[in-house]
Each structure stands twice: as structure tokens, then as C-alpha cells.
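Coordinate inspection notes
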Amino acid sequence: MEETDVILLWGSNARETHPIFFHHILKAVRRGAKLYVVDPRRTSSAQWADGWLGLDVGTDISLANGVANVIIEAGLENRAFIERATTGFEAYRESVQKYPLERVARETGVDVALIRRMALDYARADRAVICWTLGITEHHNAVDNVLALINLGVLTGHVGKWGSGLNPLRGQNNVQGGGDMGALPHKLTGFQDVEDDEVRAKFDRAWGVTIPPKKGWHLTEMFEAMDRKELTSLYVIGENPAQSEADGHHTIACLSGLEHLVVQDIFLTKTAELADVVLPASASFAEADGTVTNSERRVQRVRRAVPPPPGARDDIEILCELARRLGRDLGNPTPEEIWEELRKLSPMHAGMTYARLEALGGIQWPCPDENHPGSPFLHGRLWEEPVGGNPAPFVPVEQAGPVDTLDETFPLRLTTGRRLESFNTGVQSGGYRSPLRRGETLDISPEDARRYGVTEGEIVRVSSRRGSVEAPIHLDADLKPGLVFMTFHFPDQVDTNILTINATDPKSGTAEFKAAAVRIDKLDEAAAE
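Residues numbered from 1 in each chain as written. Predicted model: local features only at pLDDT ≥ 70, side-chain atom pairs only at ≥ 80, totals over all residues. Heavy atoms only, no water.

Focus: the pattern of salt bridges
The cut-off we apply is this: Just to be clear on terms, a salt bridge is a Lys or Arg side-chain nitrogen sitting within 4 Å of an Asp or Glu carboxyl oxygen. By the criteria applied, helices consist of DSSP H or I runs no shorter than four residues and strands consist of E runs no shorter than two, each listed in order from the N terminus. Residue burial is assigned from relative accessible area. The probe radius is 1.4 Å, only protein chains are included, and a residue is buried under 20% of its type maximum, exposed over 50%, and partly exposed in between.
Summed over the entire model, instances satisfying the criterion amount to 33 salt bridges. E370 serves as the salt-bridge partner of R343, at 3.6 Å between the closest nitrogen and oxygen. Of this pair, R343 sits in helix α17 (residues 335–345) while E370 sits in the loop between β14 (363–364) and β15 (392–393), placing them 27 residues apart in sequence. Given a relative accessible area of 13%, R343 falls into the buried group. With a shortest N-O distance of 3.5 Å, R438 and D443 are connected by a salt bridge. One continuous salt-bridge network, built from bridges that share partners, spans E321, R324, R325 and D329.

Encoded structure:
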């Protein structure tokens, strides 16, 4: 990252949501890299940018396709890379030809000259990176949004090289490691497909069980199954869906309607308050041994610094004891013994012994054997001669706006996100004081404040098609008229997810947290109604 030439920070306010990573971006900027920030809000990240593309919420595909069209019209596509390492270019080129800059500017609200400048700088760079986070993925067409960005990397050959690539920034500590371990409904450890008979047979032999041959439900599908009364028992580990899921009224109804709810956590969350059984766990970063995997796929050792408080137990201990009560004795394995089993089953972790992880300060997967140094970047195979593995496909995608449309009754676009000093639903960060913390607010542009006759600190009613909350006004000159912003950090004060919509991407199951239609009413007017 520090040695790249152009960075597109797309749908990410990394200055506040990934502050350590943003320091690496700043190092690149200070050595001359150009930074473009694509975000509906002029965020604190945009203050460091060569260009801010303040697109309208939900128009990312239009912008990405327009950027591609500029690159192709200028003859700056990496033709040699396309011919040797990709498929589907002609269909892709035809699809983006439908996105001339005039159309893109009209749909996104971004100036034509700025779009062209970003496109040409990205294409002409020797090394370039696209980074994105929830501003891309928390939409009803999340996967298509991601594919639109991947297409740009493949088009220019900015993949599989040092200082170039596509970088989805992870939103929570060790969420990468959770996926690596198989905490996905369609994958086993090491991202091996659960519907692959040969893969599944390997795990069957190791575990002495028969793994169901079909993928499971993702989170959204679980709530749909709760609605149908098909899912009646739920075991929640380290998650607070009662306050983190979209359409909060519906979420609480589903959780309250379960026959049996178990929560394993380090805090008594709102979800735990609904539970039949609460299992107090240890804090994995300080009270447990094991490994953690960061956004660059680097697996590192974690060591217990302090014992868990009285009554709390290590996650492994809890799971093994629960297995014994259910009739399956897993013994009392140490974290290293569990890791050794993982290495036998997951080819991409095979070369990572505890000794090597400690000696090298961590190793990036894939690491197939104990002589392999790890992989600093992915997809280098696309530059091999001949190309290793399958070619990279272009996948044409089309613009589709938010599900929750604006109208006279709900004329404002609510988008959501995080602030620097707080984290998610505030369970972990709300227990300490910060001079930066100001509680939940409805952030609104000065123009809209004048239009609606509201002032700084005034409490108003915010309503969507799903419900209403009351929140104080905060004037933000970096917001465009028509756009308002809230967080999820203070749900006990203002439950923002009452407003959000649970329209989900059919491929990823992610809800459209980033685009709700709302209105604001002064409390005296709301009371009169």
C-alpha cells in the first residue's frame, strides 16, 4: 500500500473506521501517491484526497462502469494482460459503452471532469489499489458492486502485483480469520466448498461424522427461517443481532419468537438479555491463546495476557464441555492441537506451524508447506507464463438504485456508518469515556436544516417506512443537501436500525444498511399529528 501510485478509496471512511490502515495510506500519499475518495459524504478521509467523488448513494455501478468506459475509449486498457489472463472482455466492453460520462454524471451527481481525471490517473499508474468496505457491500446489489470494482482492476492489470490490487478492508477484528476457519454457510475450513464430495469426505474421515452435503443458511436466511418457524433454536457466539440487524422491530420479533436462544459473549448484550441461556466467555484478544488473521491474510499468534474473570471460560473450553453434554467427547485440546488439525485439513494453512508463526512474526496465506515463505499478495499466477489456474473473468453488471425509494413522504436519503471513537453497537466501546464522543445525532446539511426549520441540538422525529426514532440534530457542512447520516453506536439512546431496511443482496445476504428513505418532523408538529 505504501508503495503504490494511485489509491481509490471507494465506500470507505478509513480515516475513522480503519485508522491504523489509513496511516499506511498517508505514507503513500506523502511519498507522492494520488488518493481519490468515492463516498456520498465528504468524510475526514476525503480531506487528504486529490479528488472527492461525492456520488449519490447507490450509484456505484454507474460510476465504475463510466470509469471503465473512459479507460477503454482512451485506449488505456491493459490489452496484453486482458488477452493472456482474462475472459469475457468483449461482452464487458459492450456493457460499459452504455455508460457515457454524461449519463454517469446525471446518475451519480459527480462532475464529468473529475470522473475522467480519476479514470485516467488510475489507468496510467504503474501501481494502483482499490480499497472498499461497507459503503460498497451494504446494498441490495452488494456482490454486483464488488464485481464492478474487480472489473476495473482486471481491465487495467492492477492485480497480482506488488503495490497493485483489490483490497476489501475488513470491518472487525479477526473477521478474516473467522471466514478462514469455516464460519461461512457454504465453506469448510480454508474456503473449501461444502458441496464438493471429495472435500467433504476428507473432513468426514478426520472428524468421524457425516457432514450434510448442502450449504447452510446465511444470517439473512436464518431470520427468514425464523419467520417461517422453521428455525426454532439459535446459538449466538460473539454477535449482537438484536441491535446490529436491519429493521430492528422485525429482528426483535424473530429472536423473541424462538423456542430456545443461547448467547455466548463477553458482555450481557441486548441479544443476551433475550436469551434462555447465557454462557460467559473470555476476551479472545487478551484472555485466550490462539491465532488471529488480519486483512492482509497474515496469521499471527495471540497469547493470554490475563486470566478470564471469575465465571467466564475460554471459548474452546465452553464448546468442548457443550459437546460432552451432547454426547460427543472432544477431549480437552489445546489451541495448538486444534491448529495442527487445521493444518492437516486446510491446504492454505499447511505450512504454518506455531513455531514458524512465532519465528516469522506471522505468515500470509496461502502457505502450502513448511518451506514456503507465505504469500505477500494474491493472484500473481495471472502473470505467470503460462497463466496458472483459471483466467480472471470480466462480469458485466448494471446500475440499480436503492430499494427504499425517495418520494414526497420520505424525501431524505439516510446512510449509516461508524465514527472514530466508537465501534458497532457500542457494546465494547460504550463502557469507557472519550472526549470525541457526542452521542447519537441525525447529521444534516445546513441547507436542509434551513429548509426544515431545525437547529443544532434540536430533537426531531426521524421516520422511515418501518418506524420512527427521536434524535438530536447535528449540522454537518460536509453533507450534500438531501443526505443525512446516523450511526449504530448508541442503540439504547437512538435505535437507528428501526429505520433501516432489510432488503438484502440475494448472493451475499447483506442488508441495505446504506440506503433508507426517511423524513424528519419537528416534535411539536409530530405531536399535533
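The rest of the description comes next.
Points about the environment of H139
What counts, and what does not: Contacts between residues were defined by any pair of non-hydrogen atoms, one from each residue, lying within 4.5 Å.
With respect to the element layout, H139 can be found in the loop between α8 (134–137) and α9 (142–156). On the basis of relative accessible area, H139 is assigned to the buried category, the value being 3%. Along the sequence, H139 and G58 sit 81 residues apart, while their C-alpha atoms lie 7.4 Å from each other. What H139 contacts, discounting residues up to four positions off in sequence, is V57, G58, D60, N145, D505, T510, A511, E512 and K514.

A few points about the pairing of strand β10 (residues 260–265)
A regular strand carries its side chains on alternate faces of the sheet. Our working definition: Strand pairing is defined by DSSP finding a minimum of two bridges between the two strands.
When you tally the buried positions in β10, you get 5 out of 6 residues, the bulk of the element. Bridge analysis of strand β9 (residues 233–237) against β10 gives 5 bridges, and the strand direction is parallel. Counted as the bridge partner of V236 is V263 from β10. Here β10 runs beside strand β11 (residues 277–280); their pairing, made up of 4 bridges, is parallel. By the bridge assignment, V263 is partnered in β11 with V278.

Observations regarding the side chain of E512
Operational definition: None of His or the chain ends enter the tally, which takes Lys and Arg as positive and Asp and Glu as negative. The definition of a polar contact used here is a pair of N or O atoms within 3.5 Å, where within protein one atom must be able to donate a hydrogen and the other to accept one, and adjacent residues in sequence count solely through side-chain atom pairs.
Considering the arrangement of structural elements, one finds E512 in the loop between β20 (483–487) and β21 (516–522). This buried residue, E512, is left without a salt bridge; R413 holds the nearest opposite charge, at 6.6 Å. A polar side-chain atom of E512 sits 2.8 Å from a polar atom in the side chain of H140. Not counting residues within four places of it along the chain, the set of residues in contact with E512 comprises E138, H139, H140, P402, V403, D404, I501 and A503.

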